[in-house]
Amino acid sequence: MTADPQRWLWAVGALALWLALIAVIVWHERKARAAARARSDALAGAGEGQPVLIAFASQTGFAEELAWMTARSLGDGGVGARVLSFADLDVQTLKATDRALLIVSTTGEGDPPDSAARFVRKVMGEATDLSGLRFGLLALGDRSYDRFCGFGHAVDGWLRRAGAEPLFDMVEVNNGEAGAIRHWQHQLNQITGSITAPDWTPPAYDPWRLVERTLVNPGSPGGEAWHLAFETMGASPDWSAGDIAEVGLPERDGVTPGSREYSIASLPSDGRVEFLIRLIRHPDGAPGLASGWLTQDLALGDQIGMRLRTNRSFHGPADETPMILIGNGTGIAGLRAHLKARTAAGGAWLLFGERTQAHDAFFDAELQAWLASGVLRRIDRSFSRDAGDGQYVQNLVAAAADELRAWVARGAAIYVCGSLEGMSQGVHAALESALGADVALTLLEEGRYRRDVY
Ligand SMILES: Cc1cc2nc3c(=O)[nH]c(=O)nc-3n(C[C@H](O)[C@H](O)[C@H](O)COP(=O)(O)OP(=O)(O)OC[C@H]3O[C@@H](n4cnc5c(N)ncnc54)[C@H](O)[C@@H]3O)c2cc1C
Ligand SMILES: Cc1cc2nc3c(=O)[nH]c(=O)nc-3n(C[C@H](O)[C@H](O)[C@H](O)COP(=O)(O)O)c2cc1C
C-alpha cells in the first residue's frame, strides 16, 4: 500500500467525483420519473373508485403517445387512470389492480421493447396468479414482419395463463392503422359508458419546407446518403435529441400510403429539422417510396407534412454522464443530435462504421470540431470496404473492450443508432462479450443502454 499522501488525495478525489456522478445519474432518472408520475397522478383523480392502470411498452414512442391519449379519454369520460411504463411495472401493482389497459409494441424480430426487458425477465418469467385482474390489450406492430405483434401476443398469452380475464379481444394495430385505433377508442367508450368517440386521432401533420439538400457521399460504393433540412411553416416546435419525425407520404392514385419515420439529426436551436436519409433501391432498381420522393422528387421550397414524436426511450442522460455512441450509416443522424446537445462535462466517445473513409466519413468536420472542443473524447471509425480495414463497428466495440468497461465503470450510458440487422445485433453480442451478458442486460433494464435501430 502506498504511503504517499498526494496519491491518497487523488484516489479520494476520484472516488468522490465518481460518487457525485452516480448521484447525478440517479437524480436525473428520478426527476424524469417524478414528472411522469405527477402527470399520471393528475389523471388518476378524475373518477370514482380505483383508477384504471394504463401500462405501455414502447420502443420508439408511439405506444407511449397512445397510452397518454387513452388516459385522457378515460378522464374525459369520468374514469380515473394511472399511466406507467413497463419499466416501472411489477407484479404487486398488477395484483392490486382490477382493470388494466396495456399498450405494447413489438420490436426487433418479434421482441419486446428494451424498456420491457426487466418486466419480461422478472415478472413474465414467473408463474403468477392474476385472477383478480381484467385487462384490455392494444398491440402495435407491422404485418411486414414475420412475428406480427409478437410481444403483444406474448403478453396476452401470459396474462390469460395467469388467470386474468380479457375485457375484450386484443386489438392489433398494423402500422398505426386508423381503423384499429378507432376500434380501441370504441372499447374505451364501453369502459366509460360514453357514446361519442373521444377526439384523439393522432395530431395532424404540420407544414414544413425543404430548405437544403446535399448528397453527402458522392462516389460511395454504398447507397446515396442525403442530408436534408426542413424549416417549419407553422409554430416553432420543440423536441429533444433522440426524437423522431414522422413524414407523411403524398397521396398516389387516390391512396395515402402512410408515413415513414426518420431520426432527427438536429436541435430546435438549429432552427430546422435535419435528417440523413439513405436512398433505398428495390431489387428492380426502383427508388424507395419515401426515400426516393424526399431525396429526388421533392424540390427546394416544396412543402411536406411532418409531425415530431417524442421518443423518450432514446433521450439523453444528464450532461455529466459520459455517453458511448455507437452506430453505422444513417444511424449517425440520431447520434449527431446527442452530440449537438452535449457539453464537454460528461463528454462522449463515438464508434462508427461505414463503407469507405474517402466517401462515407459523414459529418467529419463537425466530429473533428467536437474532438477539439472536448465534447468528443475519442472517435473510433471502421470502413468495411477500405483495403487494410474491412472492419465493422461491432469489431471496434470488441477491440476496445477494456476501455469500454472502464467507461461503464465510470457511469457511462451506451446509445446505439442505425441498422437493426447486422449492426445492432453484432454490437449487442460484442457488448455482451466485453461487459458480460448480465451487465449488458442490467444496463438495458436500467435505461443505461438504449437503442434506436431500424
Ligand atoms: C425509428 C426509425 C428511424 C429511422 N431513421 C432513419 C434515418 O435516420 N435515415 C434513414 O435513411 N432511414 C431511417 N429509417 C428508415 C425509414 O423510415 C424508411 O424505412 C426508409 O427510408 C425506406 O423507406 P422507403 O419508403 O424509401 O422504402 P419502401 O418503398 O417502403 O421500401 C422498403 C423496402 O426497402 C427495404 N428497406 C427499408 N429500409 C431499409 C434500410 N434502412 N436499409 C435497407 N433496406 C431497407 C425494405 O426491405 C423494403 O423492401 C428509420 C426508421 C425507423 C423505424
Ligand atoms: C426495428 C423495428 C422492428 C420491428 N419489429 C416488429 C416485429 O417483429 N413485429 C411487428 O409486428 N412489428 C414490428 N415493428 C413495428 C412496430 O411494432 C410498430 O412500428 C409500432 O407502432 C412501434 O411502436 P413504438 O413506437 O411504441 O415502439 C418493428 C419496428 C421497428 C422500427
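What you are looking at is a predicted structure, and each value in this text was computed from that prediction instead of being measured. (Residues numbered from 1 in each chain as written. Chains lettered and ligands numbered in written order. Predicted model: local features only at pLDDT ≥ 70, side-chain atom pairs only at ≥ 80, totals over all residues. Heavy atoms only, no water.)

Q: Explain the domain arrangement of the chain to me, and be specific about the residues and the numbers.
A: Reports often express the size of an interface as the amount of accessible area lost when the parts come together. You can read the domains of the chain as domain 1 (45–192), domain 2 (206–309) and domain 3 (316–453). With seven residues of domain 1 in contact, the opposing surface of domain 3 contributes six residues. Taking both partners together, domain 1 and domain 3 bury about 680 Å²; carbon and sulfur atoms supply 47% of that area. Linking domain 1 with domain 3 are two salt bridges, by the criterion used here. Linking domain 1 with domain 3 are three residue pairs in polar contact (both at pLDDT 80 or more), by the criterion used here. (Domains from an automatic or database assignment. Contact = heavy atoms within 4.5 Å. Buried area = accessible area lost by both parts, 1.4 Å probe. Salt bridge = Lys/Arg side-chain N within 4 Å of Asp/Glu carboxyl O. Polar contact = N/O pair within 3.5 Å; in protein donor to acceptor, adjacent residues only side chain to side chain.)

Q: Explain helix α8 (residues 332–341) to me, and be specific about the residues and the numbers.
A: In terms of burial, α8 is a largely internal element, eight of the 10 residues being buried. What α8 keeps buried is the set Ile 332, Ala 333, Gly 334, Leu 335, Arg 336, Ala 337, His 338 and Leu 339. (Buried < 20%, exposed > 50% of the residue type's maximum accessible area, 1.4 Å probe, protein only. Helix = DSSP H or I, 4+ residues; strand = E, 2+ residues; numbered from the N terminus.)

Q: Report on the site of ligand 1, specifying residues and quantitative values.
A: Within the structure, ligand 1 sits among 18 residues, and Glu 261, Tyr 262, Leu 289, Ala 290 and Ser 291 are positioned closest to it. Measuring from an oxygen atom of ligand 1, one finds a backbone N or O atom of Glu 261 at 2.6 Å. Leu 289 is positioned with one of its backbone polar atoms (N or O) 2.8 Å from an oxygen atom of ligand 1. When ligand 1 sits alone it has 900 Å² of accessible area, and the protein chains cover 67% of it. (Near = heavy atom within 4 Å. Areas by Shrake-Rupley, 256 points an atom, 1.4 Å probe, with all protein chains shown as cover.)

Q: Lay out the site of ligand 2 with the relevant residues and their values.
A: Taken together, 23 residues surround ligand 2, and among them Ser 58, Thr 60, Ala 63, Thr 106 and Cys 149 come closest. In the environment of ligand 2, an oxygen atom lies 3.1 Å from a nitrogen or oxygen atom belonging to the backbone of Gly 61. Take Gly 110: an N or O atom from its main chain is 2.7 Å from an oxygen atom of ligand 2. Protein burial of ligand 2: of its 650 Å² of free accessible surface, 93% is covered by the chains.

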